[in-house]
Amino acid sequence: MSISLRINGEERLLDVDPEMPLLWVLRDVLGLTGTKYGCGAALCGACTVHLEGQVVRSCVTPVRRAQGKSVTTIEGLSPDGSHPLQRAWVEQGVPQCGFCQAGQLMTAAALLKEHPVPTDAQIDQSMAGNLCRCGTYCRIRDAIKKVSGGGR
Amino acid sequence: MTGPLVIARRSFLRGLNLAVGGLTLGFSFSARAQKAPVPSGSQALDATAPGLNPNVFLHVAPDGLVTIVCHRSEMGQGIRSSLPVLIADELGAQMARVKIRQADGDVVYGDQNTDGSNSIRGFYEDLRRVGATARMMLIEAAAARWKVRADECVAKDHLVTHRPTKRRLGFGALAVEAARRKIPEPKTVVLRPRSELTSLTANMPLLDGPAYVTGQAMFGADVRLPGMLTVVIARPPVVGGTIVRFDAADALAVPGVVKVVEMPQPKVPWHFQPWGGLAVVAENTWAAMRGRAALHITWAAGPNGAYDSEVFKAALSKAVSVPGLVARKVGDAEAALKSAARTVEAEYHVPHLPHLPMEPPVAVARMTSDLCEVWAPTQNPQAAQKEVARALGVPLEKVRVHVTFLGGAFGRKAKADFCSEAAVLAKMLGVPVRMQFTREDDLRHDYVNTVSTNRLTAGLDPSGRVVALRYRTAFPSIQSLFGDPATPEPEDLQQGVLDLAFAVPNLTAEIGVATAHTRIGWLRSVYNIFQGFSIGSFVDELAHERKADPRDVWLELIGPPRKLSLSDLGVKELKNYGQPLELHPVDAGRLRNVIDRVTRAARWDERGRDGRFLGLAAHRSFLSYVAAIVSMIKRPDGKLVVDEVWVALDAGIIVNAERVRAQMEGSVIFGMSLALYGGITMKNGAIEQENFRDGGRIVRMGEAPRKTWVDLMESDAAPGGVGEPGVPPIAPAIANAVFALTGQRVRELPLIKAMGRQRV
Ligand code: FES
Ligand code: FES
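Residues numbered from 1 in each chain as written. Chains lettered and ligands numbered in written order. Predicted model: local features only at pLDDT ≥ 70, side-chain atom pairs only at ≥ 80, totals over all residues. Heavy atoms only, no water.

Undergrad: Help me understand the sheet that holds strand S10 (residues 229–234) of chain B, please; the structure alone is not making it clear to me.
TA: All names here are of chain B. The sheet built from seven strands is open, its strands ordered S12-S13-S10-S20-S17-S18-S19 with mixed pairing. Across the chains shown, the open sheet's two edge strands, defined by having one partner strand only, are strand S12 (257–262) and strand S19 (399–403). Neighbour-to-neighbour, the strand axes of this sheet turn through a mean angle of 25 degrees, independent of strand direction. As defined by bridge partners, S12 adjoins strand S13 (residues 278–282) across five bridges and the pair is classed as antiparallel. (Pairing = 2+ DSSP bridges. Helix = DSSP H or I, 4+ residues; strand = E, 2+ residues; numbered from the N terminus. Axes fitted to C-alpha atoms, helices over the stretch in contact; angles between N-to-C directions.)

Undergrad: Can you help me understand the side chain of Thr708(B) in this one?
TA: Structurally, the position occupied by Thr708(B) is in strand S31 (residues 707–712). Given a relative accessible area of 11%, Thr708(B) falls into the buried group. Excluding its chain neighbours within four sequence positions, the residues that come into contact with Thr708(B) are Cys138(A), Val645(B), Glu665(B) and Val668(B). (Buried < 20%, exposed > 50% of the residue type's maximum accessible area, 1.4 Å probe, protein only. Contact = heavy atoms within 4.5 Å.)

Undergrad: Looking at this model, I keep getting lost on the interface of chain A and chain B. Mind explaining?
TA: When the parts of a complex come together, some accessible area is lost, and that lost area is often used as the size of the interface. Opposite the 45 residues of chain A that make contact, chain B presents 59 residues. Roughly 4,400 Å² of surface becomes buried between chain A and chain B when both sides are summed, with 59% attributable to carbon and sulfur atoms. Here chain A is connected to chain B by seven salt bridges. Counting the contacts that link chain A with chain B gives 25 residue pairs in polar contact (both at pLDDT 80 or more). Secondary structure elements with two or more residues in the side of chain A that touches chain B: helix H1 (22–29), helix H2 (84–91) and helix H5 (137–148) of chain A. (Buried area = accessible area lost by both parts, 1.4 Å probe. Salt bridge = Lys/Arg side-chain N within 4 Å of Asp/Glu carboxyl O. Polar contact = N/O pair within 3.5 Å; in protein donor to acceptor, adjacent residues only side chain to side chain.)

Undergrad: Mind showing me how you'd approach the domain arrangement of chain B here?
TA: Residues and elements named next belong to chain B. We note that the domain assignment places domain 1 (9–206), domain 2 (225–303 + 361–436) and domain 3 (309–353 + 448–755) within chain B. If you average the C-alpha positions of domain 2 and of domain 3, the two centres end up 37 Å apart. The interface of domain 2 with domain 3 comprises 16 residues on the first partner and 14 residues on the second. Here domain 2 and domain 3 share an interface that buries about 1,200 Å² over both sides, 63% of which is from carbon and sulfur atoms. The largest per-residue losses of area from domain 2 upon contact with domain 3 belong to His271, Phe410 and Lys415, which jointly make up 38% of the total buried on that side. Put simply, domain 2 and domain 3 have zero salt bridges between them. Where domain 2 meets domain 3, there are five residue pairs in polar contact (both at pLDDT 80 or more). Split into classes, the residues belonging to the side of domain 2 that touches domain 3 amount to eleven nonpolar, three polar and two charged. (Domains from an automatic or database assignment. Nonpolar A, V, L, I, M, F, W, Y, C, P; charged D, E, K, R; others polar.)

Undergrad: Just to check I follow, could you spell out the domain arrangement of chain A for this structure?
TA: Residues and elements named next belong to chain A. Entries for chain A in the domain assignment read domain 1 (2–77) and domain 2 (84–148). On the side of domain 2, twelve residues touch domain 1, which itself brings 16 residues to the contact. Taken together, the two surfaces of domain 1 and domain 2 that pack against each other cover about 1,200 Å², and 65% of this comes from carbon and sulfur. There are four residue pairs in polar contact (both at pLDDT 80 or more) connecting domain 1 and domain 2. Counting only elements with at least two residues in the side of domain 1 that touches domain 2, the list comes to strand S3 (48–51) and strand S4 (54–57). Residues that form the side of domain 1 that touches domain 2 fall into these classes: seven nonpolar, seven polar and two charged.

Written out as structure tokens, the structure is:
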């Protein structure tokens, strides 16, 4: 069966099993490897992408749910790494190993769309699904606040 | 890590040994000329490119481009933003004109095993010498051209300048001439004064930051080869287990599944061998995972099938209830305990702990008639090369290991099992393969940190002073992975027991009997985790017994500032993380200093006020000294949360302070995860945890401290480790803060076990 969807602004027609999770379509079929596999069970957020602007865990999202919709991945967050969050992440040295950071950025970007100046509680709540084993949480919080102008 | 590498070489054979210290930086050039189509862009050597090549780490091209090889793996510690920057600094290069290349596994680089917090502490001077050698050669070339004295010239900003006349020449313009000069003897290489090195004095940018935030950084699973298939393996749930029978028909019926093959069965000792089991080969990851789920396998558990962590806990407790092998002895602790006015005794238990790197183990391999190539997020590419060669039965030269970015590692990826599995499969299948661990695999087939029980007994005189300390510890040793699964050696106690800088006049440390029943590995800070937890908690208990301030008791136990000799410590030898005591003494003064600094930063004397309850602990590990204070508060809903954390670190000379701070911040979260939630339990020989839940749970954003304060001590001492030493004091500091807040003393990790979900 074929699935049509828009990925990072580009129309794609795919011949894939509609039940295949979006994560594996992105990584194995389309070669968009910026989106990471961390748990496969909606527990870690490494696979976070936007579906119609909303945060989804692509590891548990069958690709059929993206039929006719638009998907944004880390590769499409900005054309050149210039999204204010990406810039703040680099300036403030947020990443350690970097593996979780695509997911963190996608969640943070969606958060700022909904709440341009999020409170601490809103940050903690919306970022709760994104694990970072390296422990970059404090810097993530600070970077989000810096971009939103809401921080110290 | 992008693009193919050119490390040019014309003069490799000229020098033979760069190092004057412990490290041998090999100079022999093995003339490999494969132009590797390497997706990871790791190193390929081109022996024909012109320019200056004083050693295998550095090349200056005639156009001025400086290429520096990073021979250590990048796993989040920021080593690629530190070591090459240090070399560039010594050289006097502009970072904008430096290209960093990730080294393949190759003995020419000396030790590449990126663990033991060793990258800076082990290579600091030798790698500075790499840059300084090239700098001297460029300066000599310029001086010869100008017919002036070399000592009138300086190298800075990618230029050599003749100070008296202000004449200048770029590094590129000098590279070819410099290459004709004799490589200076290591003894004659002069290092810059430290004040000239910006990597030591300023915050350095995170060089790989842009690659991380755009999804361009290539991790192990991101490597793509033409015709590559994906493999997921069903491994025996019990270490040493075997397949009795299997039926793969349902698995083969899953669309996309190509084949099911049997993996070689490992033999004791386990080392880094593949784990055995059945491999499902498929066109994509999802098909491989579904195929594996459809396998029907009957396993035989083998000799470890009875291992039960709860039962084993009782065995460890028994082991520390009787005298063990004495590993450290000062005075006569037994006699002093008998005559003490009072004794205090406590037993501490820390379970097996998982690594849980965010990126599960993965490797890509390709086998041709004369070469096996592996791309992997490995901490130790030379160990991977060796294990792959062993598994394939080919000579070492037939194996090349390219190092990708590591999505976290924490010791897990120092083991080469996943590389070996991929290579074995590439050979069996005749096509390139990606062997992917799922998260469940990562937990169930981990080389877990060992499990331990410690019993500490102190004797107090009538005034409350500690006159005796008996430290008993029992835990299966890492040595069991490579040989005999029995009791640890005295040297296993070097981590936090033999080097415990206490001035107690009667002190013994004893090792109890403990046999390994699973694969024991090393996890970030290793044995220090439970040694630090035990002693850090026990000092707090002693303070409570005496109704004294824990800080004062720490300082009293440590005694006056001094360097402890082997006889002061009461040990015959001290491995001291591979470093001589003269260079890295056990320094009571430095331990005191970090305690002093951290208690001032955290306003220790005001603890208990404003609902701010503080716990303190300190620990020496990997030749660095760390003290930490955790502030716990009770939320209105009754939950206990870590509010703020203060860390004081004395790691000697600090390279790239910004990344060092990041390591301390990360260590706090890592320490919190293992203190609050971490714990692998085993039933019928198998690990029970499956994913980021229960014992595999780790701290989330909302649980992270509101603020972590890091205080880096300025020091001229030789550099100590940074990646691991921040971890050990965190768990005891948390337990001590919990006690300060609730009066409940928790002697077993994870804390959630004693306290319940509603409390933490
Ligand atoms: S991989 Fe999707 S949430 Fe972890
Ligand atoms: S930066 Fe390594 S897991 Fe987040």
